[in-house]
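Here's the letter readout for the chains.
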Amino acid sequence: MAEALIELRGVWSGYRRTTVLEGIDLSVNAGEAVAIVGRNGVGKTTLLETIMGHLRLARGTMRLRAVDLATRPPHARAALGVGYVPQQREIFASLSVLENLRIAQRPGEWTIERAFELFPRLAKRRASGGTQLSGGEQQMLAIARGLVANPSLLLMDEPSEGLAPTIVAELARVLAQVRATSAMAMVLVEQKTAIAFDFAPRCIVMDRGRVVYDGASSALSSDAGRLAQLVGVGRPT
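K.L.:
Sorry if this is basic, but what is going on with the environment of leucine 8 here?
P.N.:
Among the secondary structure elements, leucine 8 is positioned in strand 1 (residues 4-15). The exposure class of leucine 8 is buried, given its relative accessible area of 1%. Through-space distance from the C-alpha of leucine 8 to that of threonine 61 is 5.7 Å; in sequence the pair is 53 residues apart. Aside from chain neighbours lying at most four places away, what touches leucine 8 is Ile24, Asp25, Leu26, Leu47, Ile51, Thr61 and Met62.

Okay, here's the thing in structure tokens:
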């Protein structure tokens, strides 16, 4: 049996007095790809923000390679190997593409040049400032920045949100390539279930702050009735 890279047990979390996560149990193995889906507002982003340390853990335990994460600030979690591509991208607008990547770079398999090979558009715009990039290019930069940090676990929150279909298709292709060629574990929160199911063989469905499905993506993708019941759509979108 594979050893868990990160393990959450009985995790409760939320915003000030509002509880969002209620007793989450979740483990991800080294090198594993996992997709998280669910309706809006069920706690998907809250889960990633809690793992990254942007939200306080109210109850439960979180361990990365048996190291307790509960009291560690976000920068310490990043140093331990947790990477994050946030929903709002949060690139440094005043810095160039190359400078954004240099700030994040850590030793490992993903170099800046390898990231440029993955995203040729960024290579052409390496001297451009963050404010000069399109929304799709900003998302590519956010993902590239996450990769060159060489985490052991990369969390990605809705990378396709608000992007044109052609850019979404390009990002889906790139994520599949990264998954197939990288040793890092990857957790993808994604509203588009077709992208989520194609990306990861294992899918987690959340509802009202709880995990209501944890199993094969293929089984859920092929069962339109159950998919509609859990996620609110009759087929992958």
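K.L.:
Looking at this model, I keep getting lost on the packing of aromatic side chains. Mind explaining?
P.N.:
For any pair of aromatic rings, the description rests on two quantities: the centre-to-centre distance and the angle between the ring planes. What the rule picks out here adds up to zero aromatic pairs. The ring of tryptophan 110 is capped by arginine 114, whose NZ or CZ atom sits 3.7 Å from the centre of that ring.

K.L.:
Explanation requested: the sheet that holds strand 8 (residues 185-189) in the structure shown.
P.N.:
Backbone hydrogen bonds hold the strands of a sheet together, and the pairing may be parallel or antiparallel. The six strands are arranged 6-7-8-3-9-10 in an open sheet whose pairing can be described as mixed. Of all strands in the sheet, those bounded by a partner on one side alone are strand 6 (82-85) and strand 10 (210-216). Sheet twist, expressed as the mean angle between neighbouring strand axes with direction ignored, is 20°. Against the sheet, helix 1 (residues 44-52) contacts strand 3 (33-37), strand 6, strand 7 (153-157), strand 8 and strand 9 (202-207), and its axis sits at roughly 140° relative to strand 6.

K.L.:
Can you help me understand the pairing of strand 2 (residues 18-29) in this one?
P.N.:
For a regular strand, the rule is simple: side chains alternate between the two faces of the sheet. Taken together, the nine bridges between strand 1 and strand 2 define a ladder with antiparallel strand orientation. Paired with isoleucine 6 across the strands is valine 28, a residue of strand 2.

K.L.:
Explain the environment of leucine 55 here, please?
P.N.:
Note that leucine 55 resides in the loop between helix 1 and strand 4 (57-64). The buried category is assigned to leucine 55, whose relative accessible area is 13%. Note: C-alpha distance between leucine 55 and proline 74 (19 residues apart in sequence) is 9.6 Å. Residues in contact with leucine 55, not counting those within four places in the same chain, are Ser13, Gly14, Tyr15, Thr46, Glu49 and Thr50.

K.L.:
What's the story with helix 1 in this structure? I'm lost.
P.N.:
The buried count for helix 1 comes to eight of nine residues, which makes it a mostly enclosed element. All of the buried residues along helix 1 are Lys44, Thr46, Leu47, Leu48, Glu49, Thr50, Ile51 and Met52. Looking one or two places after helix 1, you find glycine 53, whose phi comes out positive at around 95°.

Quick notes on the rules
- As a convention, each chain's residues are numbered from 1 in the sequence order in which they are written.
- With pLDDT at 70 or above as the cut-off, local features in this predicted model cover only qualifying residues; side-chain atom pairs require 80 or more to be listed or tallied, and sums for whole chains, interfaces and linings still use all residues.
- With hydrogens and water stripped out, all remaining heavy atoms of the structure feed into the side-chain values.
- Per the convention used, a helix needs a DSSP run of H or I reaching at least four residues, while a strand needs a run of E reaching at least two, with both numbered from the N terminus.
- Burial classes: relative accessible area under 20% of the type maximum marks a residue as buried, over 50% as exposed, and values in between as partly exposed (1.4 Å probe, protein chains only).
- Working rule for contacts: check all heavy atoms of both residues, and any pair within 4.5 Å makes them a contact.
- Each Phe, Tyr or Trp ring (for Trp, its six-membered ring) is paired with any other whose centre lies within 6.5 Å, and the angle between the two planes then decides the class: stacked below 30 degrees, edge-to-face above 60, tilted in between.
- Geometrically, a charge over a ring is one whose NZ (Lys) or CZ (Arg) sits within 6 Å of the ring centre while staying within 35 degrees of the ring normal.
- The rule for pairing is simple: two strands pair if DSSP sees at least two bridges between them.
- Whenever a helix is involved, its axis is fitted only over the stretch in contact; in every case the axis is a line through C-alpha atoms, and angles between N-to-C directions fall within 0 to 180 degrees.

Honestly, that's just the spatial picture; any functional story needs more than this.
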